[in-house]
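An overview of the molecular structure
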Amino acid sequence: MPATLLHRVALLGRRRYRTIFAVTGALVALSLLAASRLEFDTDVLNLLPRDDPAVADFRRALDEFGSLDYLLIAVRVPPDAVLDPYEGFVDRLGERLARLDSIERVEYRLGGQDELVRTFLPRAVLFLDEDERQRMLERLTPAALEERARELRRLIATPQAFALEELWRLDPLGLSDIFLERLTASRSGLSLDWASGYLLSRDHRMLLILARPVHTPESVELNRQLVAAVEAAAAATRQQWPELAGEAAGPPPEVALGGRYVIALGDEQLIRRDMAVNVLTSMVGVLLLFLFAFRRFGPLLYAFVPLACGLILTFGLAVLAFGRLSSATSGVAALLIGLGIDFVIVSYGRFVEERQAGASLDVGLARMSGSSGRAVIVGGVTSAATFYAFTVTDFTGLRQMGLLTGTGILLCMAAVVVLLPAQLAAGEDRYSRRRRRPRLFLHGFGSARLLAACVARPRTVLAAGLVVTAVAAVMATRLEFEDSVKAMRPRGNPGVMVREEVARHFGTSFDQMMLLIEAPRLDQALEQAERAAQAAREMVAAGELSSFDSITGLVPPPARQRRALAWLEEHRDRLDGERIVERFRAALAAQGMRADPFADGLEMFRQAVDRRTPVSVEELEKVEAIRRLLDRYLHRDSEGWTTVVYLYPPRGQWRRDPPPAAVALTAELGPGATLTGANVVSGFLRRSVLADALLAAVVGLVAVALLLWLDYRRLGDTLLSLAPLTVGIIWMLGAMAAFGLAMNFMNIFVSTMIIGIGVDYGVHMIHRQRELRTADRQKRIAGMAETGKAIALAAVSTMVGFGSMSLSHYPGLRSMGFVAVLGALATALVAITLLPAYFALRLGGAGEQENG
């Protein structure tokens, strides 16, 4: 923007400030109305590249097979409590939840062992492998049948006979333990006490209700209504506790909600809280700095009004452009305050300098909008360009943050260019009516003395800078990279905490790997799943996995069923159902027991050994409980069938990458197999984010260099403006290593941000040096000292603004705040120490103190 145009804008503000205030007020009011409708996308996965195969596979696996679309309702049971009233509480609560319009299905009783026996005993032989079939034969010999009758006689006399009577009645021959071992691991992936018939943890400390709402978790308002309805149902059920528990009632159960719906609601609240805290702490911090630096309350409005207007305009525009913002953008307000305050400081600092030198208001405004104004424009455009460089990345959240922040910088810059002259003119008119002159002062935080010392000893300063840079470069090589998606999730979210509590009690994990197997026909998918299960069993034996879970526990693959049917035909003489039942009846009679109570169980046994056809998915789906279980493993679409094998790594292992054996298994299964999971995505992040960060930094640096060259038209001045940035980034990386800060897929992009932040300091110093190139040494030093004061204040205010991000609940944003503070400090130090020392050495007239 030509200086003459900036002069005209300044003079317009001088003469028409009331009109400018009115137009700005109208725009701000409209933006506030739009911003009130802003919503937030709380899904951390939406920060990642949607089109990348690794992320797309992970998202698809979670959507089709994961537990993300369940609301977890945990009912805590006190230690050593009698379970019956708590199970009754779950029944009442489950019935209430099933009547809610917002819930499609409720699962809290998947049936006990008796239901499993009724479902699977008539089909039991089809599930068994060769060793298990041999065990079955051994239990059907005449001697084994007589021993079983004697054992039943003994067991019936034990205290636990009442609880197990139904199981013995359905399975008098005791065959269920052979095939139930395969099935119980498949019940929702949870380690349960199956004898209870409820989703009860084995430590008897928690009962679980799984509710599937009718809507997806993306709508925060619907989530809020859902949680309110469930909490109301729980409260109403607790009021019936005395009736459920009786006179000896223990404490009523605690009900806690978890899962994706509660996580999304909690994250949205955390994002709004973080944004409010960031805006408040950033704004208060920079205004207090303004008050300290300029020693007047008036300049607080000069800072507050343009920044507030820029922020409101930015978020009003965000509603029109995006509608919903990702969690990464919750730190945009702090970024804009930290960056936008620089424009105010440099401009107002120059105005103070001119007025202190005796210039009139019009002259002061003209000079403020001259060299300093041009530096503000160049600095704003270059800063915005570096954030726009984020658009070349595949990371959705960072791309959105870059677009929003870059646009916000330009809006804040425009607000300063237009509003600040108008505010200054209005303020001066107010003072003139009072026949007083404002007291003008700028505190430099010791930067003037530091700059003078550097100018006095340039060789020493440059040598020290070279040493510090070399040490920082060596330290930077020790930086580590944190590539865990889980590490980016905020702590303190109740939905996450309850989910982790459920995982502890039920011995499961929500971070398992998933091996997806696609095939055009169901039998092909089942056969591939069987191959995967056999390999997974070997991985468990080798210690690479702690366990696995496959559909083959519910639906035997066709090959196994064919072998089982052939085995039945081969042993038909030894597996004559009528003969075996008659022998067992006789054995019972010999023990003085009637066979009639066991009639149903003996009939199901006959069906098992007389089986001549394979079991199909359609046959099993007729049983509601089994159909719900199959949903966990099997998905059908227009292209065929997909099944999943869950692979559980040992605790604390394989968090950064999948086990090599799992990768090899996936390759062995062919193109229809895909391995996914948080650790697979982490491996992708480690590779992709480094490439994207490098690309964004290169694009940002090239864009900034081009803009600077267009401004200076001199290569030397362009390189000098980039020098504080380059050295400052090296110092920043070295400081990160020294403080033990790891890189992650968010703060790694701070290097690109620092290009936009740090280049401003060099731009302001170069512009002032160019303006003073014909002045004598004393005036050059004094002019650079005044600019150094503004840079120092701008850097401190930027650190305060960015520092508020360290209060965020999101670890990624928190780390961005820490790193940005280090980057702003480093680049500012270089600009007010090494750059003036270089000018002193190059232009001469300095160094006398060193030589004298």
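Calculation criteria
- Residues numbered from 1 in each chain as written.
- Predicted model: local features only at pLDDT ≥ 70, side-chain atom pairs only at ≥ 80, totals over all residues.
- Heavy atoms only, no water.
- Helix = DSSP H or I, 4+ residues; strand = E, 2+ residues; numbered from the N terminus.
- Buried < 20%, exposed > 50% of the residue type's maximum accessible area, 1.4 Å probe, protein only.
- Areas by Shrake-Rupley, 256 points an atom, 1.4 Å probe, with all protein chains shown as cover.
- Pairing = 2+ DSSP bridges.
- Axes fitted to C-alpha atoms, helices over the stretch in contact; angles between N-to-C directions.
- Contact = heavy atoms within 4.5 Å.
- Core = buried A, V, L, I, M, F, W, Y, C linked by side-chain atoms within 4.5 Å.
- Expected span 1.5 Å × (residues − 1).
- Arc of directions from axis to C-beta.
- Salt bridge = Lys/Arg side-chain N within 4 Å of Asp/Glu carboxyl O.
- Parallel < 35°, antiparallel > 145°, perpendicular 65-115°, else oblique.
- Left-handed = near helix turned anticlockwise from the far one by under 90°.
- Nonpolar A, V, L, I, M, F, W, Y, C, P; charged D, E, K, R; others polar.
- Bend = angle between axes of the 7 residues up to and from the residue.
- pLDDT = per-residue confidence, 0-100.
- Disulfide = S-S within 2.5 Å.
- Phe/Tyr/Trp six-rings, centres within 6.5 Å; stacked < 30°, edge-to-face > 60°.

1. Quick look at the overall build of the protein chain
Scanning the protein chain from N- to C-terminus turns up 32 helices and 13 strands. Relative to its full complement of 852 residues, the protein chain shows a buried share of 58%. Put simply, the protein chain shows about 35,300 Å² of open surface, and 57% of that area lies on carbon and sulfur atoms.

2. Some words on the sheet that holds strand β5 (residues 254-259)
Spatial strand order, β3-β4-β2-β5: four strands in an open sheet with antiparallel pairing. Looking at the sheet topology across the chains shown, the edges are occupied by β3 (103-107) and β5. The sheet shows a mean angle of 25° between the axes of neighbouring strands, taken without regard to direction. Alignment of strand β2 (residues 71-76) against strand β4 (residues 206-213), held across six bridges, turns out to be antiparallel. In the sheet register, L71 faces β4, and the bridge partner there is A211. Against the sheet, helix α4 (residues 83-98) makes contact with β2, β3, β4 and β5, and its axis sits at roughly 5° relative to β4, the strand it touches most. Here helix α10 (residues 220-238) sits on the sheet and contacts β2, β3, β4 and β5; the angle it forms with β5, its principal contact strand, is near 160°.

3. A look at the nonpolar core
Core analysis: the largest hydrophobic core is formed by 114 residues, its most contacted members being F315, F749 and Y761. Per element, the largest residue contribution to this core is 15 residues, and it comes from helix α14 (residues 332-356). With near-sequence residues (within four places) excluded, F315 lies in contact with A35, L38, M275, L325, V332, A333 and L404. With 78 residues, the next largest nonpolar core counts L137, M513, Y646 and L669 among its residues.

4. Points about α10
In a regular helix each residue adds 1.5 Å, so 19 residues correspond to 27 Å; α10 covers 27 Å between its end C-alpha atoms and thus fits that length. Along α10, the positions that sit buried rather than exposed are V220, N223, L226, V227, V230, A233, A234 and T237. All buried residues of α10 fall inside an arc of 145° around its axis, so they share one side.

5. Some details on the pattern of salt bridges
For side chains bearing opposite charge, pairing can occur when the charged atoms are close. What the rule picks out here adds up to 21 salt bridges. In this structure, the salt-bridge partner of R60 is E518, at a minimum N-O distance of 3.6 Å. With R60 in helix α3 (residues 53-65) and E518 in strand β8 (residues 513-519), this residue pair connects regions lying 458 residues apart in the sequence. For R60, a relative accessible area of 22% gives the class partly exposed. We classify E518 as partly exposed; its relative accessible area is 35%. Taking the shortest distance from any N to any O, the salt bridge between R606 and E603 comes out at 3.0 Å. Of this pair, R606 and E603 both sit in helix α23 (residues 599-609), three residues apart, which is roughly one turn of the helix. The network of salt bridges with shared partners includes R76, E254 and E501.

6. What to know about the packing of helix α22 (residues 577-590) against α23
Where α22 contacts α23, the two axes come as close as 9 Å, and the packing angle between them is 150°. One finds that α22 runs roughly antiparallel with respect to α23. Of the two possible hands of crossing, α22 and α23 adopt the one that is right-handed. Residues G577, E578, I580, V581 and F584 of α22 lie in contact with α23, whose contacting residues are L602, F605, R606 and V609. Grouping the amino acids of the contact of α22 with α23 by side-chain chemistry returns six nonpolar, one polar and two charged.

7. Observations regarding the environment of A566
Mapped onto the elements of the fold, A566 is located in helix α21 (residues 558-570). It is 9.1 Å that separates the C-alpha atoms of A566 and R612, two residues lying 46 residues apart in sequence.

8. Looking at helix α29 (residues 750-771)
When the terminal C-alpha atoms of α29 are compared, their 32 Å separation across 22 residues agrees well with the 32 Å that a helix rising 1.5 Å per residue should span. Maximal helix bending in α29 amounts to about 25°, located at G756. With 20 of its 22 residues buried, α29 lies for the most part within the structure.

9. Let's talk about the confidence of the model for the protein chain
Residues with a pLDDT of 70 or more make up 87% of the protein chain, whose mean pLDDT is 80. Taken element by element, the predicted model of the protein chain shows its lowest mean pLDDT in helix α32 (residues 848-851) (38) and its highest in helix α18 (residues 458-476) (93). For the stretch residues 185-189, pLDDT sits under 50, and the model shows 22 contacts to residues farther than four places along the chain or on other chains. Predicted confidence for residues 845-852 stays below pLDDT 50, and this span has 16 contacts to residues more than four positions away or in other chains.

10. Structural notes on the packing of helix α17 (residues 447-456) against helix α30 (residues 777-803)
It is at 8 Å that the axes of α17 and α30 come closest, and there the two elements cross at 135°. Taken together, the axis directions place α17 and α30 in an arrangement best described as oblique. Read as a crossing pair, α17 and α30 show a hand that is right-handed. Within the contact between the two elements, α17 uses S447, A448, L451 and V455 and α30 uses R777, I781, M784, A785, G788, K789 and A792. Residue composition of the contact of α17 with α30, grouped by class: seven nonpolar, two polar and two charged.

11. Some thoughts on the state of the cysteines
Applying the stated criterion to the full structure yields zero disulfides. Residue C309 stays outside any disulfide, its sulfur separated by 9.5 Å from that of C412, the closest cysteine. For C309, a relative accessible area of 11% translates into the label buried. What makes C412 buried here is its relative accessible area of 1%.

12. Considerations on the pairing of strand β10 (residues 634-637)
Relative to strand β11 (residues 640-648), β10 is paired through four bridges, and the arrangement is antiparallel. Pairing of H635 across the sheet is with T642, part of β11. Turn length for the β10-β11 hairpin, with the two strands adjacent in sequence and antiparallel, is two residues.

13. With respect to the side chain of T666
Here T666 lies in helix α26 (residues 660-669). Leaving out residues up to four positions away in the same chain, T666 has contacts with L515, A673, T674 and L675.

14. A look at the packing of aromatic side chains
Within the structure shown, the criterion is met by five aromatic pairs. Between Y838 and F839, the ring centres sit 6.1 Å apart and the planes meet at 55°, which makes this aromatic pair tilted. Accessibility expressed as a relative area gives 32% for Y838, which makes it partly exposed. Classification of F839 by relative accessible area gives buried; the value is 2%.

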